[in-house]
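So you can see what is in the structure, the chains are spelled out below.
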Amino acid sequence: MAPSLLSTAAGVLLLFSLSSAVSCSATTRDAAYCPTTCGVADYLNKYKPVVDKDLDEMEDILGRITNLTTGATEKVTYMKDSATQHQKSGGDVYYKRSASILDDVLRFEKTIVSQEEQIYQLQSMLESNKKRMLDLKQMSIQLDQKCQDPCKDTVEIKPITGKDCQDIANKGAKTSGLYYVKPLKAKEQFLVYCEIDSFGRGFTVLQRRRDGKVDFNKDWIQYKEGFGYLSPDDTTEFWLGNEKMHLLSTQSTIPYVLRIELTDWQGNKKHADYAMFKVGPEVDMYRLTYAFYYGGDAGDAFDGFDFGDDPSDKFYTSHNGMQFSTSDKDNDKFQGNCAKQDGSGWWMNRCHAAHLNGKYYPGGKYTEKDAGESGYDNGIIWATWHSRWYSMKETTMKIIPTNRITAGDGQQTGGVKQFGGLGDN
Ligand SMILES: [Ca+2]
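- Under an unreviewed UniProt entry, the name given to the protein chain is Fibrinogen gamma chain, and the organism recorded is Salmo trutta.
- The UniProt entry for the protein chain carries this comment under Subcellular location (unreviewed entry): "Secreted".
- What UniProt states about the protein chain under its Subunit (unreviewed entry) heading is, verbatim, "Heterohexamer; disulfide linked. Contains 2 sets of 3 non-identical chains (alpha, beta and gamma). The 2 heterotrimers are in head to head conformation with the N-termini in a small central domain."

Following this line, the structure appears as structure tokens:
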């Protein structure tokens, strides 16, 4: 009886612990957004009948044990009574003569006492089991009541879908938030943050730096698949993933503009736009290409920067045409491993003048010493605006079809004439 009782109890407890274990873990990837309260409620509703059945069965078993124990108690009482009677009749001459019979009686009495103790223990175990049963039933009722109200997810994923965020905006979406997109060649849809403005423009966001809470020192697979967290209110950091960037940026006959937005530690904001932005396929190591610097006030750091160390600085710090590198996959133009030295994944050359996946330095300014072992500039860098020893506070990388970039925002789009960049001098 006891083992089956215990296993049933274990089963019930397992169900309860399982239902409370459906929560966000730190390793949850952005694409698989954490299950929400509704998920837990659904889970409970699904398993509640099973739990209730188990509880009923356990109650039944407890009832039977109680009956058996009561029966045993009665038996012991009877045995004890008869033993006492025998003792009382101890004056009987036949009993006096038989010392061995008396010994038997004593032994018998001992057994009765120990059996009584055992029964007492069993009874207290029964009591505590009954109490636990009550607690479990109470808990079940409480959870059931909580799940009665129609559940509304605290994380809202908008119902409109499309091939990118502009498509979603074209279909009538008015507010920024989390949406599912399915680029033409994508096998399945995936979650993105869409920034939708009052002009009906829908930017698909590829990267966010905000507060340094996400470590960008990740390997090839992690950069491929994406990491960090997407949030409906745009408060978290993430890398959408090279594969998704490839699928998004190469799907359309209308090319995309990549807009890079930067905020420094004084709160100044600048941006840089690149026309015909594309991320190649994995076989080409997610190569970065664009046609030209489309404009902006942050300068063209993707075109490299003359740091004054060497005449080839600018050439070797440009990014157009570079393959993606991570600490475990060196595709750079340097005899060493830029990604490993700088602790990030990026379209490394030898190594960079723009480096948006760099280490997060609160306050902005940092030194060779801060940079650690290698001592190289490894912050979040945009060399045509701030020096390479200044790390940005916030960054955004987002794309939009070229025909929508200018609509309504009044920003100067320099076009071809600015090809070559603003910060070359
Ligand atoms: Ca190398």
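**Focus on the coordination of the calcium ion**
Phase 1: Note on the calcium ion: its protein donors are Asp330 (OD), Asp330 (OD), Asp332 (OD), Phe334 (O) and Gly336 (O). The metal-donor distances range over 2.2 to 2.7 Å.
Phase 2: As a motif over one chain, the donors of the calcium ion read D-x1-D-x1-F-x1-G.

**Some details on the packing of aromatic side chains**
Phase 1: What the rule picks out here adds up to 22 aromatic pairs.
Phase 2: Measuring from centroid to centroid gives 5.8 Å for tryptophan 265 and tyrosine 360, while their planes differ by 65 degrees, and the two rings are edge-to-face. Here the residue tryptophan 265 occupies a position in the loop between β7 (256-263) and β8 (269-279), and tyrosine 360 occupies one in the loop between β11 (354-355) and β12 (381-382), the gap between them amounting to 95 residues.
Phase 3: Given a relative accessible area of 25%, tryptophan 265 falls into the partly exposed group.
Phase 4: According to the relative accessible area criterion, tyrosine 360 is buried, its value standing at 14%.
Phase 5: Above the face of the phenylalanine 216 ring, arginine 209 is positioned so that its terminal group lies 3.8 Å from the ring centre.
Phase 6: Residue placement shows lysine 398 over the ring face of phenylalanine 203; its charged tip is 4.4 Å from the ring centre.

**Focus: the confidence of the model for the protein chain**
Phase 1: Looking at the protein chain as a whole, its pLDDT mean stands at 83, while 80% of the residues score no less than 70.
Phase 2: Counting contacts from residues 1-37, a segment whose pLDDT is below 50, to residues more than four positions away or on other chains yields 67 contacts.
Phase 3: Taken together, the stretch residues 409-425 has pLDDT below 50 and engages in 34 contacts with residues farther than four places along the chain or on a different chain.

**A look at unusual backbone geometry**
Phase 1: Look at the link from arginine 350 to cysteine 351: it is a cis peptide, with omega at 10 degrees.
Phase 2: As for its position among the elements, cysteine 351 is in the loop between α9 (338-342) and β11.
Phase 3: Of note, the phi angle at methionine 276 is positive, near 55 degrees, even though the residue is not glycine.
Phase 4: Within the fold, methionine 276 resides in strand β8.
Phase 5: In this structure, tyrosine 286 is a non-glycine residue whose phi angle is positive, near 50 degrees.
Phase 6: By secondary structure assignment, the location of tyrosine 286 is in the loop between β8 and β9 (288-289).

**A look at the state of the cysteines**
Phase 1: Here the structure, examined in full by the defined rule, presents two disulfides.
Phase 2: With its sulfur 2.0 Å from that of its partner, cysteine 165 forms a disulfide with cysteine 194. Between cysteine 165 and cysteine 194, the S-S torsion sits near -75 degrees, and that sign places the bridge as left-handed. Placement of the pair is cysteine 165 in helix α5 (residues 165-170) and cysteine 194 in strand β3 (residues 190-196), with a sequence separation of 29 residues.

**Some thoughts on helix α7 (residues 242-249)**
Phase 1: Here α7 lies mainly inside the structure; seven of its eight residues are buried.
Phase 2: Within α7 the residues assigned to the buried category are Asn242, Lys244, Met245, His246, Leu247, Leu248 and Ser249.

**What about the pattern of salt bridges?**
Phase 1: Under the defined criterion, the tally for this structure stands at 20 salt bridges.
Phase 2: For arginine 210, the salt bridge goes to aspartate 234, with nearest N and O atoms at 3.8 Å. Note that arginine 210 is positioned in the loop between β4 (202-209) and α6 (220-225) and aspartate 234 in the loop between β5 (227-228) and β6 (238-239), a separation of 24 residues in sequence. Each of the two residues, arginine 210 as well as aspartate 234, counts as buried.
Phase 3: Between glutamate 261 and lysine 398 there is a salt bridge whose closest N-O contact spans 2.9 Å. Here glutamate 261, found in strand β7, pairs with lysine 398, found in strand β13 (residues 394-401); they are 137 residues apart in sequence, far enough to count as distant.
Phase 4: Here lysine 398 falls in the buried class, since its relative accessible area comes to 2%.
Phase 5: One continuous salt-bridge network, built from bridges that share partners, spans Glu195, Arg208, Arg210, Asp234, Glu261, Lys393, Glu394 and Lys398.

The rules we used
Residues numbered from 1 in each chain as written. Predicted model: local features only at pLDDT ≥ 70, side-chain atom pairs only at ≥ 80, totals over all residues. Heavy atoms only, no water. UniProt positions renumbered as here; feature names shortened; annotations may be inferred. Donors = N, O, S within 2.8 Å, 3.2 Å for Na, K, Ca; no water. Phe/Tyr/Trp six-rings, centres within 6.5 Å; stacked < 30°, edge-to-face > 60°. Helix = DSSP H or I, 4+ residues; strand = E, 2+ residues; numbered from the N terminus. Buried < 20%, exposed > 50% of the residue type's maximum accessible area, 1.4 Å probe, protein only. Lys NZ or Arg CZ within 6 Å of the ring centre and 35° of its normal. pLDDT = per-residue confidence, 0-100. Contact = heavy atoms within 4.5 Å. Disulfide = S-S within 2.5 Å. Salt bridge = Lys/Arg side-chain N within 4 Å of Asp/Glu carboxyl O.

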